[in-house]
Amino acid sequence: MPHLITTKECPTAWLLKRAEEWRVQLEKAKQAQTGGEPAAAPLSALRGRTLCLLFYEPSTRTRVAFEQAGLKLGLNVITLLADTSSVQKGESLRDTVQTLCAEGIEALVIRHPEAGAAHIAAQAASVPVINAGDGTNEHPTQALLDLFTMIRHKGNLRGRKIAIVGDIRHSRVARSNLWLLEPTGAEVWLCAPPSLLFPTPLSNAKQTSSLQEALQNADIVMVLRLQKERMAEGLLPSLESYARDYQINANTLQWAKPDCIVMHPGPMNRGIEITDEVADGAQSVILEQVRNGLYIRLAVLEYAMGGMETE
Ligand code: NCD
């Protein structure tokens, strides 16, 4: 079954190629529309099939991108939010997934606060399952759209310096990016206060608590959300001290290469991990990441539902 649970196992090259084809096609369609031509209806072999989004956590970008992608493919999209479903009555994840499959869904996109939930869902399901973020574990489609964005700006990533700055230890985005970036030959640096880094050294990235060391000569900076809930766990002294030492602002960005791009998966805490001037500045590709998220989800749904040859 073509599940997408982790970036350790995924047909990356096929997905990136297909996402690029979607980008070209949809850009062309947009231009034609502004030129007064009517929008062409997408021709999709998947038309009329049923996709279910099961979200146990809040989401804006990921959920809307999957819904948009589903609609563009002509799918019937059902969105189920855990706070309005039988989950509220204590139903287990297994039972919910098996119920949805018995009701005839043909693919499932799941977001859940617990690491490993997407894997459990895939074991219970009789249809392909796509992980839209499971706790601190992984967020494969975010990492794929990040990689797509990096390649669009920098081409081959071999030897490129990528600094990922923020709450690394609790970030599913960082984890999925690490697996996906490993084969590209990029030089990945992870930067955070010691309490928010991985406790042991990694084979595929360098870790530092010095922002200057991480940013020096960087080609790409990926800023991650500071998860405020970590303050309650005593892992951070204060937001002010974090902002003082780790904020990406016009001054700290000067350590990076002049053509360094700035990324953030969102949602952003403006004024904490990133300032307005950088988030909205010329080096920011943050909204482009959002747009690329649509192309990646189109490709991922085709992969999961379309019986594609990906070799
Ligand atoms: C991330 C997530 O939810 O994992 N956001 C996203 O999907 N765009 C990152 C975060 O919550 O910080």
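The rules behind each value
- Residues numbered from 1 in each chain as written.
- Predicted model: local features only at pLDDT ≥ 70, side-chain atom pairs only at ≥ 80, totals over all residues.
- Heavy atoms only, no water.
- Core = buried A, V, L, I, M, F, W, Y, C linked by side-chain atoms within 4.5 Å.
- Buried < 20%, exposed > 50% of the residue type's maximum accessible area, 1.4 Å probe, protein only.
- Helix = DSSP H or I, 4+ residues; strand = E, 2+ residues; numbered from the N terminus.
- Contact = heavy atoms within 4.5 Å.
- 1 Å grid on protein atoms, 1.4 Å probe; cavity = no way out; pocket = protein on both sides within 12 Å on 5 of 7 lines; lining within 4 Å.
- Points joined across faces, edges and corners; volume = space filled by probe spheres on them.
- Nonpolar A, V, L, I, M, F, W, Y, C, P; charged D, E, K, R; others polar.
- Pairing = 2+ DSSP bridges.
- Axes fitted to C-alpha atoms, helices over the stretch in contact; angles between N-to-C directions.

Novice: Break down the nonpolar core for me, citing the residues and quoting the values.
Specialist: Across soluble globular proteins, nonpolar side chains have a tendency to be buried as a group. In terms of nonpolar packing, the biggest core is built from 82 residues, with Val-109, Val-165, Ile-168, Leu-190, Val-221, Ile-248 and Leu-301 touching the most fellow members. The element contributing the most residues to this core is helix 11 (residues 286-305), with eleven residues. Setting aside residues up to four positions removed in sequence, Leu-301 forms contacts with Leu-46, Leu-51, Phe-66, Ala-69, Gly-70, Leu-73, Leu-75, Val-109, Ile-130 and Gly-306. Listed in part, the 20 residues of the second largest apolar core include Leu-54, Ala-118, Ala-121 and Val-127.

Novice: Mind laying out empty space enclosed by the protein, listing which residues take part and the relevant values?
Specialist: Summed over all chains, the structure comprises one cavity of 30 Å³ or more. Considering only enclosed or pocket space, the largest cavity measures out at about 80 Å³ in volume. Lining the largest cavity we find Arg-61, Thr-62, Ala-65, Gln-142, Leu-145, His-264, Pro-265, Ile-286, Gln-289, Val-290 and Arg-297. Secondary structure elements with two or more residues in the lining of the largest cavity: helix 2 (61-72), helix 5 (140-154) and helix 11. For the lining of the largest cavity, the element with the highest residue contribution is helix 11, accounting for four residues. Considered class by class, the residues forming the lining of the largest cavity number five nonpolar, four polar and two charged.

Novice: Tell me what's going on with unusual backbone geometry, and back it up with residues and numbers.
Specialist: Omega for the bond connecting Gly-266 with Pro-267 falls within 30 degrees of zero, at -5°, which places this linkage in the cis form. For Pro-267, the position within the fold is in the loop between strand 9 (261-263) and helix 10 (276-279).

Novice: Go over the sheet that holds strand 4 (residues 129-134), please, and point to the residues and values.
Specialist: Within a sheet, neighbouring strands are paired by backbone hydrogen bonds and run either parallel or antiparallel to one another. Judged by pairing direction, the sheet is parallel, and its four strands sit side by side in the order 2-1-3-4 without closing on themselves. Two strands lie at the open edges of the sheet, namely strand 2 (76-81) and strand 4, each paired on one side alone. Ignoring strand direction, the axes of neighbouring strands in this sheet form an average angle of 15°. The pairing of strand 3 (residues 107-112) with strand 4 spans four bridges and is parallel. Counted as the bridge partner of Val-109 is Ile-130 from strand 4.

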